[in-house]
Amino acid sequence: VVPTGPKDMWATPPFDSVIKDGWIHGRGAGDMKSGTVSVLFALDAIKRAGFEPAARICFQSVIEEESTGLGALSTLQRGYRADCVFIPEPTDHALISAQVGVICFKIRVRGRPVHVATAGTGSNAILAGYDMIQALKTLEANWNERAKTDPYFAQVEHPLNLNAGKIVGGDWV
């Protein structure tokens, strides 16, 4: 699961399972453990009802769906293919034909640190990084505009999202 964030923002400890109003609350309970279990129960129900699928069903449960999708990529690299895929992501309780994605990357910007007395002669890597983030946000806007004409993403509002999630800069103020 993704990091918990500030623990003081949680109503209950994030890694404790708590049943409230008939629902399990806790890290990973809704995203994605419940989805994985619901698919297994659905497949079992189909079999117990005596139905035969019209095509081969292949159950894949992959790791690392939060920030890289490498689990899904590994599945494809091993030769698995499908005519249809159901991903039980808890998204609006509806079938969708496209989903937002994420591209994770790191950018390293190097500045030229100088003494404060000659600050104008150096270059601030954090400010240069901000300029790069602004340029990437422009690219994101262009991609989202193009997505409006895509048959799968046309109905998805803002399908491509850039998240400048972490900046680490310097060791002195």
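For clarity, every value in this text was computed on a predicted model and none was experimentally measured.

Draft legend 1. Spatial organisation of the overall build of the protein chain. Each helix and strand in the protein chain was counted, giving 3 helices and 2 strands. Counting from the amino terminus, the protein chain carries its helices and strands in the arrangement β-β-α-α-α. Projected onto its principal axes, the C-alpha coordinates of the protein chain cover approximately 80 × 45 × 30 Å. The buried share among the 173 residues of the protein chain stands at 8%.

Draft legend 2. How the structure looks around the confidence of the model for the protein chain. For the protein chain, the average pLDDT comes to 84, and 94% of its residues sit at 70 or higher. Mean pLDDT in the protein chain bottoms out at helix α2 (residues 70-77), which sits at 80, and peaks at helix α3 (residues 125-147), which reaches 93.

Draft legend 3. Examining the side chain of T75 more closely. Checked against the element boundaries, T75 lands in helix α2. Once you skip the residues sitting within four places of it in the chain, T75 turns out to touch Q60, V62 and Y80.

Draft legend 4. Here's a closer look at the environment of G26. Note that G26 resides in the loop between β2 (23-25) and α1 (29-48). Residue class for G26 comes out partly exposed when judged on its relative accessible area of 25%. Residues G26 and A135, 109 residues apart in the sequence, show an inter-C-alpha distance of 38 Å. Setting aside chain neighbours within four positions, we find G26 in contact with P14 and D16.

Draft legend 5. The pattern of salt bridges, seen in detail. For the coordinates displayed, the defined rule picks out 3 salt bridges. Here R48 ties to D44 by a salt bridge, and the two come within 2.8 Å at their closest N and O atoms. With R48 and D44 both in helix α1 and 4 residues apart, this pair spans about one turn of that helix. The exposed category is assigned to R48, whose relative accessible area is 71%. Since its relative accessible area comes to 33%, D44 is described here as partly exposed. E140 serves as the salt-bridge partner of K137, at 2.9 Å between the closest nitrogen and oxygen. You can see K137 and its partner E140 sitting in helix α3, 3 residues apart, about one turn around the helix. For K137, a relative accessible area of 33% puts it in the partly exposed group. We classify E140 as buried; its relative accessible area is 7%.

Draft legend 6. Representation of α3 within the structure. For α3, built from 23 residues, the straight-helix expectation of 33 Å at 1.5 Å per residue is met to within 8% by its first-to-last C-alpha distance of 32 Å. Of the residues flanking the start of α3, the one acting as N-cap is N124, its side-chain oxygen 2.8 Å from the backbone nitrogen of I126.

Draft legend 7. A look at unusual backbone geometry. Here the phi dihedral of D21 falls at roughly 55 degrees; this positive angle occurs in a residue that is not glycine. Take D21: its relative accessible area is 72%, and that puts it in the exposed class.

Draft legend 8. Structural view of a nonpolar patch on the surface. Taken together, the side chains of I103, F105, I107, M132, L139, W143 and L160 present a nonpolar region at the surface, about 610 Å² in accessible area. Inspection of the secondary structure assignment puts M132 in helix α3.

Draft legend 9. Representation of a positive patch on the surface. On the surface, a cluster of positive charge is made up of K106, R108, R110 and K166. Here K106 lies in the loop between α2 and α3.

Rules behind the numbers
- Residues numbered from 1 in each chain as written.
- Predicted model: local features only at pLDDT ≥ 70, side-chain atom pairs only at ≥ 80, totals over all residues.
- Heavy atoms only, no water.
- Helix = DSSP H or I, 4+ residues; strand = E, 2+ residues; numbered from the N terminus.
- Buried < 20%, exposed > 50% of the residue type's maximum accessible area, 1.4 Å probe, protein only.
- pLDDT = per-residue confidence, 0-100.
- Contact = heavy atoms within 4.5 Å.
- Salt bridge = Lys/Arg side-chain N within 4 Å of Asp/Glu carboxyl O.
- Expected span 1.5 Å × (residues − 1).
- Polar contact = N/O pair within 3.5 Å; in protein donor to acceptor, adjacent residues only side chain to side chain.
- Patch = residues over 30% accessible without salt bridge, like charges linked within 9 Å, V, L, I, M, F, W, Y side chains within 5 Å.
- Areas by Shrake-Rupley, 256 points an atom, 1.4 Å probe, with all protein chains shown as cover.
- Lys, Arg positive; Asp, Glu negative; His and termini not counted.
- Charge placed at Lys NZ, Arg CZ, Asp CG, Glu CD.

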